[in-house]
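# Report on the structure
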Amino acid sequence: EQRAKVVAGRQAPECVAAVEAGSEVEERHHKTAALYFGIAALEAFLNQKMRVFLTPSLLEPDLLRELRFTKLSDKVTKWPARIVGKAPLLSATLIDRLDEFNDIRAGLTHAKTRGHDIYGVLEALKPVEVIDSIAEFFVRYHEADGTRFPYWIFGWNYLNPQNTGHEIIL
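Report on the accompanying structure. As the structure is a prediction and not an experimental result, all values here were calculated from the model. (Residues numbered from 1 in each chain as written. Predicted model: local features only at pLDDT ≥ 70, side-chain atom pairs only at ≥ 80, totals over all residues. Heavy atoms only, no water.)

With that settled, the discussion passes to the overall build of the protein chain. Check the secondary structure of the protein chain and you find 8 helices and 2 strands. Along the protein chain, helices and strands appear, N-terminal first, in the series α-α-α-α-α-α-α-α-β-β. Counting all 170 residues of the protein chain, 35% fall into the buried class. Sequence-distant contacts in the protein chain: of pairs separated by 6 or more residues, those separated by 24 or more amount to 62%. Accessible surface, the protein chain as shown: approximately 10,300 Å² in total, 55% of it carbon and sulfur. (Helix = DSSP H or I, 4+ residues; strand = E, 2+ residues; numbered from the N terminus. Buried < 20%, exposed > 50% of the residue type's maximum accessible area, 1.4 Å probe, protein only. Contact = heavy atoms within 4.5 Å. Areas by Shrake-Rupley, 256 points an atom, 1.4 Å probe, with all protein chains shown as cover.)

Put into structure tokens, the structure is as follows:
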């Protein structure tokens, strides 16, 4: 049933692979990959938009400082309004989820405890929620900007389900 929901909805490879995983280790791998890719995609998108916005007014060292030392939460909540001229309609729930996903990613990448607490959090993670949240941010950004969001943002062309597995569509 869970697989049918994922395949019928967003067919992002890591979501499908996490559901179809044959072991806990494999499932964690795919959940982690969805988390890492989602946060990286979000930050890369915002960095690219801010780079274009700031290039006429800042020298490269100052621009790099802005890109490198601004927290992701500030990039998500403050940069879109600065770049576009108006804030996208981001719900508090969406902002909280993006912060939560980034915190989980940071906990996995920069482990500070001796325990394995973060893996309990990872166990409960649903990769489709990560992907949906990132996609919603992109759509809301484009909505505020008055531009059309890329159709592929929801993953409709990522996988072609077949009897023998999934063919990746480039």
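Okay, back to it.
Right, let's talk about the nonpolar core for a bit. A general trend in soluble globular proteins is that nonpolar side chains are found buried together. In this structure, L42, V76 and F137 are the most contacted members of the largest nonpolar core, which totals 29 residues. Looking at this core, the elements that each hand over two or more residues are α3 (24–54), α4 (60–69), α5 (72–84), α6 (92–109) and α8 (127–145). Top contributing element to this core by residue count: α3, with 8 residues. The residues touching L42, leaving out its near neighbours within four places in the chain, are L72, V76, L98, I134, F137 and F138. (Core = buried A, V, L, I, M, F, W, Y, C linked by side-chain atoms within 4.5 Å.)

Next up on the list: the packing of aromatic side chains. Pairs of aromatic rings are described using the distance from one ring centre to the other and the angle between the two planes. In this structure the tally under the stated criterion is 3 aromatic pairs. With a centroid separation of 5.0 Å and 85 degrees between ring planes, the pair formed by F45 and Y141 is classed as edge-to-face. Within this pair, whereas F45 is found in helix α3, its partner Y141 is found in helix α8, the two being separated by 96 residues in sequence. Classification of Y141 by relative accessible area gives buried; the value is 2%. Aromatic side chains F137 and F138 sit 6.5 Å apart centroid to centroid with 70 degrees between the ring planes, which places their arrangement in the edge-to-face category. For the residue pair F137 and F138, the accessibility class agrees, reading buried in each case. Linked through ring pairs, F45, F137, F138 and Y141 together constitute an aromatic cluster. (Phe/Tyr/Trp six-rings, centres within 6.5 Å; stacked < 30°, edge-to-face > 60°.)

None of the figures reported here should be taken as evidence of function without further support.
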